[in-house]
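# Tertiary structure, described
Single-letter residue listing:
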Amino acid sequence: MTRIAVTGGIACGKSLIGSFLPKEGLVVCDADELARELMMPGEPVFTQVVKVFGKEILNAEGGIDRKALGDRVFSNGSERLKLNAIVHPEVKRAWERITAGSGSFVVNVPLLYEVGEGEGWDAVICVYASELLQTQRLIQRGLSMEGAKARIAAQMPIVEKMVRADYVIINNGSMEVLKEQTVRIWENILESKYGRKTG
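Okay, so let's go over this structure. No experiment lies behind these values; they were computed from the predicted model shown.

## Details of the pattern of salt bridges
For the structure on display, the rule yields 10 salt bridges. The closest approach of N and O atoms between R72 and E56, which form a salt bridge, is 3.4 Å. Placement of the pair is R72 in helix α4 (residues 66-74) and E56 in the loop between α3 (44-53) and α4, with a sequence separation of 16 residues. On the basis of relative accessible area, R72 is assigned to the partly exposed category, the value being 26%. Residues R72 and E79 are paired through a salt bridge, measuring 2.7 Å at the closest nitrogen-oxygen approach. Residue class for E79 comes out buried when judged on its relative accessible area of 11%.

Spelled out as structure tokens, the structure:
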């Protein structure tokens, strides 16, 4: 069994990395997607988040307004810690259930180091993009310049993540280059662990 974590800065391309790996035989698990599922109405995490942050974070349909919640926690460090304390343990339990079987798994964990989960993986890959590109991508997603910068500033400096990781992927170029880097690193991981380049 092989377990790989993918982390990096916000809007650096972690999900794109994940989209390439199923073709290499890996099962991809995304912590953000798990968090969205756990925060759906009726889930225990949803109930706890609303209890802590209040009904003002709900949208017209009664679900959590992720932008409203994000604006709140990314502008207040203590609020962000409260949210992580509620959501992260359940997200971790969910990915551990998924990766408990045999096979090769990659788990996309944006806050890998921030929540103390950097150990115990066969390899950690950090995805890097320049702050300019991060900001542009976040604005394209609908954030203001101020909101984009707040989200970037709220995370551990990307350079520190790069130093801690086993591999670094640079996502300042084309998708083809990004895919080439991803496949090459997966082959290196296999060769390092098993002495071969195929899954």
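There is more to say after this.
## Here we look at the side chain of T7
Relative to the assigned elements, T7 resides in strand β1 (residues 2-8). Here V109 takes part through its backbone oxygen, which lies 2.9 Å from a polar atom of the side chain of T7. Once residues within four sequence positions are removed from consideration, T7 is found in contact with K14, V109, P110, L111, L112, Y113, V124, I125, C126, V127 and K161.

## Observations concerning α3
Within α3, burial applies to V45, F46, V49, V50 and F53. The buried side chains of α3 occupy one side of the element, clustering within an arc of 130° when seen end-on. Exposed and oriented more than 90 degrees from the buried face of α3 are P44 and K51. Where α3 is buried, its residues meet α2 (31-38), α4 and α5 (77-98). Positive backbone phi, at 90°, marks G54, one or two positions downstream of α3.

## Overview of the sheet that holds strand β5 (residues 167-170)
Spatially, 5 strands are ordered β2-β3-β1-β4-β5 in an open sheet, and the strand pairing comes out parallel. For this open sheet the edge positions go to β2 (26-30) and β5, each flanked by a neighbour on one side alone. Within this sheet the neighbouring strands show an average axis-to-axis angle of 25°, counted without direction. The pairing of β2 with strand β3 (residues 104-108) spans 5 bridges and is parallel. Note that in β3 the partner of V27 across the bridge is F105. Along the sheet, α2 makes contact with β2 and β3, crossing β2 at roughly 50°.

Conventions and cut-offs
- Residues numbered from 1 in each chain as written.
- Predicted model: local features only at pLDDT ≥ 70, side-chain atom pairs only at ≥ 80, totals over all residues.
- Heavy atoms only, no water.
- Salt bridge = Lys/Arg side-chain N within 4 Å of Asp/Glu carboxyl O.
- Helix = DSSP H or I, 4+ residues; strand = E, 2+ residues; numbered from the N terminus.
- Buried < 20%, exposed > 50% of the residue type's maximum accessible area, 1.4 Å probe, protein only.
- Polar contact = N/O pair within 3.5 Å; in protein donor to acceptor, adjacent residues only side chain to side chain.
- Contact = heavy atoms within 4.5 Å.
- Arc of directions from axis to C-beta.
- Pairing = 2+ DSSP bridges.
- Axes fitted to C-alpha atoms, helices over the stretch in contact; angles between N-to-C directions.

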